[in-house]
Amino acid sequence: MSILQELKRGIFAENPTFRLMLGMCPTLAVTTLAVNGVGMGLATTAVLLGSNLVVSALKNVIPNQVRIPSFIVIIATFVTVVSLLLEAFAYSLYEALGIFLPLIVVNCIILGRAEAYASKHSLGKSALDALGIGLGFTLSLTVLGAIREFLGAGTVFGLQVLSESADMATIFSLPPGAFITLGLMMALINGLTARRGKRSVARRNPAVAKREG
Amino acid sequence: MNSSLKMVVVLGLIAFISAGLLAGVNYWTAPIIEENAQARLNATFSRVIDADEFVEPEEETEFFLRIAKKGGAVVGYVVRLTGQGYSSAGIDILVGLNTEAEVQGVYIFSHSETPGLGDRITDPAWLSQFKGKGIDDPIASGTDVDAISGATSSSTAVIGSVRRAVQFVGGYLGLIEETEIDFAQIPDGTYTGTGRGFGGDVTVEVTFANGELTKVVIVSHNETAGVSDPAIEAIPKAMVAEQKIQVDTVSGATMTSEAIIAAVKDALKEFGGAGPAEPIDIGSLLPGTYTGSAKGLKDDITVEVTVSGGRITKIVVLSHDDTPEYAEPAFAFMIDQIIETQDLEEVDFYSGATFSSEGLLNAVKNALRSQVKLDISGLPDGVYVGEGEGFHGITRVSFRMVSGELKDLEVLEHNDTPEYANKAFATLIPAITEAQSLEVDLASGATFSSQGLLDAIMDAIKKGPVLDVSQVPDGVYSGTGEGLFGGLQVEVTVSGGKITDIVVVDHQDTPEYASLAIDGITKAILDTQSLDVDVVSGATGTSRGLLEAIEAALKSAVQ
């Protein structure tokens, strides 16, 4: 598989949010604004890249029985590093992500990729997988965030799109709006996929698909 | 390698390397994070005072204090303190003060008050009322600042905190002088007082003989044994030896030392040094006639003040020595003003006769601070209803006054244990009616229920007779009240001694809730022909405002 295909796989066929349905908790919680979606996605990508690389490098060293605790220690380390860096250099993003930043540790995408992919593939492939999945996650969160921000506040990336006096559907900035938007997006994507009939369910990685977070 | 050993070693190594990496990152980012936090804190401090640098004072202070500097020069202070509002979490408040201890700004740092009600304390317009308040201002709700109606508990907590901050900085700057109590004027005897120490209350007994402090005994305390001993030993001795209260504290036992000093001050508080007098709460005064005097331009002005139903109804100048042509218009102006506003704190003086005006005001205040004996026979005729706190809850009573005689005293509602309470009521009610006085013996075994009954009667007397609609002449009367979000105006139609219609002309509250209150209250009043109806839950603010407006309308009819 070429590099481009490897990246596209994470964005489309194995999109963590819309296809694998992983990491729903931060997806629903932080996508009130597009910029939060980008921030959360990039933070997760950074952790994913780090953990995939280390797990792939150590795949022959880590004994099978302690692989899960080892993965978790590695992931937790990267999360803490990212969290400290954000607190030091991007405080407003750090505040916006709030509790969901430390909770990246338990985001099943990361442990899922470590377990299902990085521990079985080479360094290069694992890095590409991390980037692809990470970009897919970032993109999904950004789209969700942008839609919710537009409908809920009339802005996109903080830019006023509709007139400030417009009466916006505040519900989209609130938790119910997250479920509604996500549900509609998923219906749309599934509909489009079914119509094109190109990607079958069988192509999904069943081991990962079952690991719901 | 043994597989279980390998497990331990690999996981251990991973953990070890992770720990090392984290330590490194933390070492690198910690100073940056700290600096950012400081910058944010300073930005918050800048909300309450215009300054660019906030320095920690060298000495330990009672409250969190930062010295605010601008361009290197001290421009003021920031005090951070916690007020106890409605929520148990407390309200974290920042107060900025200038070098004269005058409030520059107040900012609610964090709070957990009820959204929609208590959280109105963060309203900048409300918080701006504190600006300029200083050590000479009472900073008390209803005098120079306003509480928020519907959020009394939360807003009073903020007001109290601002007052504490002002007093604290005033003390810190030495602007408030501790007035030493003049021992010579203290009558011989033993006085008891308490002060708050490290482990709880410290209670002292202070003995005076021939105008000299002869003995200070610490009756009880809960301070740490050993640590506090030097203070407990030395402070009383120093007070007697130096014949003063404000002695040096014992180092290492500062809190205990200060507690003893505070306790002695508390014991002697009636002899002065206690700070400005509390404002008079007119609403809680017993009905009756009060006499008092204060110095006018030349000599004492003596007044007689009549209080009825929690209002000042009449002020008569009994004697004065000021020049009549100046003083008399001033007196008339002041008397009209006080009766009109029912306010003794925010009063305008008659120009050209300030001394006479102030003398009259002080005479009225002195009169109202004096004790008055409750004279039941002097109460106006009418029906009285009041509430007191019994053993388990509210006790409600009603009685009638007919030509100076208390009649038909009955308990409308109580929550006390029936077997005790009923016995208490059965003894007390005839006793009170017989004696026409509240100075009766409490029923033994049911003191709380008895006290509840007496408190309820007292409350009823203070409130004055409830409105008797049958005495209101026919007509349409308008009145105003304070709803949840603003003024509320009603028109009440009375015909044939009955309320026949209530129309809300104007209000500022949320329509869907307000209409609940308006419909409910209106119907209840029209049905019962009484203003003693329950507020509509979910629309309490509007309900109270509406009742206030209707009462005002009917009162205007009677006057």
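Residues numbered from 1 in each chain as written. Chains lettered and ligands numbered in written order. Predicted model: local features only at pLDDT ≥ 70, side-chain atom pairs only at ≥ 80, totals over all residues. Heavy atoms only, no water.

Undergrad: Provide a residue-level description of the side chain of A:Thr45, including the pertinent values.
TA: All names here are of chain A. Take Thr 45: it is sitting in helix 3 (residues 34-57). There is a polar contact of 3.3 Å between the side chain of Thr 45 and the backbone oxygen of Gly 134. Setting aside residues no more than four positions away along its own chain, Thr 45 makes contact with Ala 130, Leu 131, Gly 134, Leu 135 and Thr 138. (Helix = DSSP H or I, 4+ residues; strand = E, 2+ residues; numbered from the N terminus. Polar contact = N/O pair within 3.5 Å; in protein donor to acceptor, adjacent residues only side chain to side chain. Contact = heavy atoms within 4.5 Å.)

Undergrad: Any chance you could break down the confidence of the model for chain B for me, citing the residues and the numbers?
TA: All names here are of chain B. Confidence in the prediction for chain B averages 83 pLDDT; 97% of positions are at 70 or higher. In the model of chain B, strand 12 (residues 382-389) stands out as the element of lowest mean pLDDT, 81, in contrast to strand 4 (residues 91-98), which has the highest, 91. Note on the complex model: pTM 0.45, ipTM 0.77. (pLDDT = per-residue confidence, 0-100.)

Undergrad: Let's hear about the interface of chain A and chain B: which residues, and what values?
TA: Residue-level contacts link 20 residues of chain A with 18 residues of chain B. Here chain A packs against chain B, burying approximately 1700 Å² in sum over the two surfaces, 80% of which is carbon and sulfur. Applying the counting rule to chain A against chain B returns zero salt bridges. The element that contributes the greatest number of residues to the side of chain A that touches chain B is helix 4 (residues 67-89) of chain A, accounting for 12 residues. Of the residues contributing to the side of chain A that touches chain B, the split by class is 14 nonpolar, five polar and one charged. (Buried area = accessible area lost by both parts, 1.4 Å probe. Salt bridge = Lys/Arg side-chain N within 4 Å of Asp/Glu carboxyl O. Nonpolar A, V, L, I, M, F, W, Y, C, P; charged D, E, K, R; others polar.)

Undergrad: Lay out a nonpolar patch on the surface with the relevant residues and their values.
TA: Residues and elements named next belong to chain B. On the surface, Leu 5, Val 9, Leu 13, Phe 16 and Ile 17 cluster together into a nonpolar patch covering about 520 Å² of accessible area. With respect to the element layout, Val 9 can be found in helix 1 (residues 3-45). Given a relative accessible area of 38%, Val 9 falls into the partly exposed group. (Patch = residues over 30% accessible without salt bridge, like charges linked within 9 Å, V, L, I, M, F, W, Y side chains within 5 Å. Areas by Shrake-Rupley, 256 points an atom, 1.4 Å probe, with all protein chains shown as cover. Buried < 20%, exposed > 50% of the residue type's maximum accessible area, 1.4 Å probe, protein only.)

Undergrad: Residues and numbers for the packing of aromatic side chains, please.
TA: Residue and element names in this part refer to chain B. The full count for this structure, using the stated rule, is 12 aromatic pairs over all chains. Every member of this aromatic cluster is reached through a ring pair, and the members are Phe 63, Tyr 77, Phe 168 and Tyr 172. Lying across the ring of Phe 64, Arg 80 places its NZ or CZ 6.0 Å from the centre. Its guanidinium or amino end placed over the ring of Phe 109, Arg 80 lies 4.1 Å from that ring's centre, counting from NZ or CZ. (Phe/Tyr/Trp six-rings, centres within 6.5 Å; stacked < 30°, edge-to-face > 60°. Lys NZ or Arg CZ within 6 Å of the ring centre and 35° of its normal.)

Undergrad: Tell me about helix 8 (residues 418-435) of chain B, and please be specific about residues and values.
TA: All names here are of chain B. The end-to-end C-alpha distance of helix 8, which contains 18 residues, comes to 25 Å, matching closely the 26 Å that a straight helix rising 1.5 Å per residue would cover. Residues Ala 421, Ala 424, Phe 425, Leu 428, Ile 429 and Ile 432 constitute the buried set of helix 8. Buried residues in helix 8, looked at end-on, bunch into an arc of 125°, giving them a common side. In this structure, helix 8 carries Glu 419, Lys 423, Ala 426 and Glu 434 as exposed residues pointing more than 90 degrees from its buried face. (Expected span 1.5 Å × (residues − 1). Arc of directions from axis to C-beta.)

Undergrad: Go over the pairing of strand 17 (residues 498-506) of chain B with me, naming the residues and quoting the values.
TA: Residues and elements named next belong to chain B. Note: strand 16 (residues 487-495) against strand 17, seven bridges, orientation antiparallel. Bridge pairing in strand 17 places Thr 493 opposite Asp 501. Hairpin connection between strand 16 and strand 17: a loop of two residues separates the two successive antiparallel strands, and Gly 496 in this loop has a positive phi of roughly 60°. (Pairing = 2+ DSSP bridges.)

Undergrad: I'd like to hear about unusual backbone geometry, residue by residue, with values.
TA: Residue and element names in this part refer to chain B. The phi torsion at Ser 403 lies on the positive side, around 45°, for a residue other than glycine. By secondary structure assignment, the location of Ser 403 is in the loop between strand 13 (394-402) and strand 14 (405-413). Judged by relative accessible area, which is 66%, Ser 403 ranks as exposed. With a phi angle near 50°, Asp 408 is a residue other than glycine that sits in the positive phi range. Its location among the elements puts Asp 408 in strand 14.

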